[in-house]
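Chain by chain, the residues:
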Amino acid sequence: QVTVYGMSERVGPLSFGNNEESNKLYRPYSEKTAQLIDSEVEAIIATSYARAISLLSEHQPQLHALAEALLEREVIGTDELRKVLGERPFKKSVEWDEFINASWQKSRDKSDAGDSTGAATPDEPVPAMPAV
């Protein structure tokens, strides 16, 4: 993020391109800039790690309740998630709701039509993405 997208205040809005060749001996920046980039990356990682630990600690009861629900039923759907975690603290996009509802409806239609492809029954959760 730092070298490709320039996502650092200390490095600035500079992009050094995407280094697709990993054996490249040439860098388009100095050793001092490389050290600055390394320190910025370390800071981003440390901040992200601290935030993750804080969120997990803050929501530990919900985390344990979710783990228990997943131990009982290997896969849980949206309704079960709401029961365990409560309502979302922010609104979902309309497009996401339409996508999920269409997926559930498609599963129900296959089940009602007697499709023998092993589709989930209406009571079973349906993965949002098909297995590859």
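The preceding data block contains the structure.
The present account deals with the structure reproduced in this document. Computed from a predicted model, the values in this text were never measured in an experiment.

### Some words on helix H5 (residues 94-112)
Inference 1: For H5, built from 19 residues, the straight-helix expectation of 27 Å at 1.5 Å per residue is met to within 8% by its first-to-last C-alpha distance of 26 Å.
Inference 2: Looking at H5, one finds that the buried residues are Ile100, Ser103, Trp104 and Ser107. The arc that holds every buried residue of H5, seen down its axis, measures 90 degrees, which confines them to one face. Among the exposed residues of H5, those pointing more than 90 degrees away from its buried face are Val94, Glu95, Glu98, Lys106 and Asp112.

### Focus on the side chain of Glu40
Inference 1: Along the chain, Glu40 turns up in helix H2 (residues 31-58).
Inference 2: Of the residues examined, Glu40 reaches a relative accessible area of 12% and is grouped as buried.
Inference 3: In this structure Glu40 touches Val2, Ser8, Glu9, Arg10 and Val11, once residues within four positions along its chain are discounted.

### Comments concerning the environment of His59
Inference 1: Tracing the backbone through its elements, the reader meets His59 in the loop between H2 and helix H3 (60-72).
Inference 2: With a relative accessible area of 35%, His59 lands in the partly exposed category.

### Observations regarding the packing of H2 against H3
Inference 1: Orientation of H2 relative to H3, taken along the N-to-C sense of each, is 75 degrees, at an axis distance of 5 Å. The angle between H2 and H3 places the two elements in the roughly perpendicular class. Only Gln60, Pro61 and Leu63 of H3 make contact with H2, whose side of the interface consists of Leu56, Ser57 and Glu58.
Inference 2: Split by residue class, the contact of H2 with H3 holds three nonpolar, two polar and one charged.

### Some words on the pattern of salt bridges
Inference 1: Here the structure, examined in full by the defined rule, presents three salt bridges.
Inference 2: Residues Asp79 and Arg82 are paired through a salt bridge, measuring 3.2 Å at the closest nitrogen-oxygen approach. Within this pair, Asp79 and its partner Arg82 are both found in helix H4 (residues 78-85), separated by three residues, close to a single helical turn.
Inference 3: The class for Arg82 is partly exposed, based on a relative accessible area of 33%.
Inference 4: Each of Asp79, Arg82 and Glu87 takes part in salt bridges that share partners, so that together they form one network.

Rules of the game
- Residues numbered from 1 in each chain as written.
- Predicted model: local features only at pLDDT ≥ 70, side-chain atom pairs only at ≥ 80, totals over all residues.
- Heavy atoms only, no water.
- Helix = DSSP H or I, 4+ residues; strand = E, 2+ residues; numbered from the N terminus.
- Expected span 1.5 Å × (residues − 1).
- Buried < 20%, exposed > 50% of the residue type's maximum accessible area, 1.4 Å probe, protein only.
- Arc of directions from axis to C-beta.
- Contact = heavy atoms within 4.5 Å.
- Axes fitted to C-alpha atoms, helices over the stretch in contact; angles between N-to-C directions.
- Parallel < 35°, antiparallel > 145°, perpendicular 65-115°, else oblique.
- Nonpolar A, V, L, I, M, F, W, Y, C, P; charged D, E, K, R; others polar.
- Salt bridge = Lys/Arg side-chain N within 4 Å of Asp/Glu carboxyl O.

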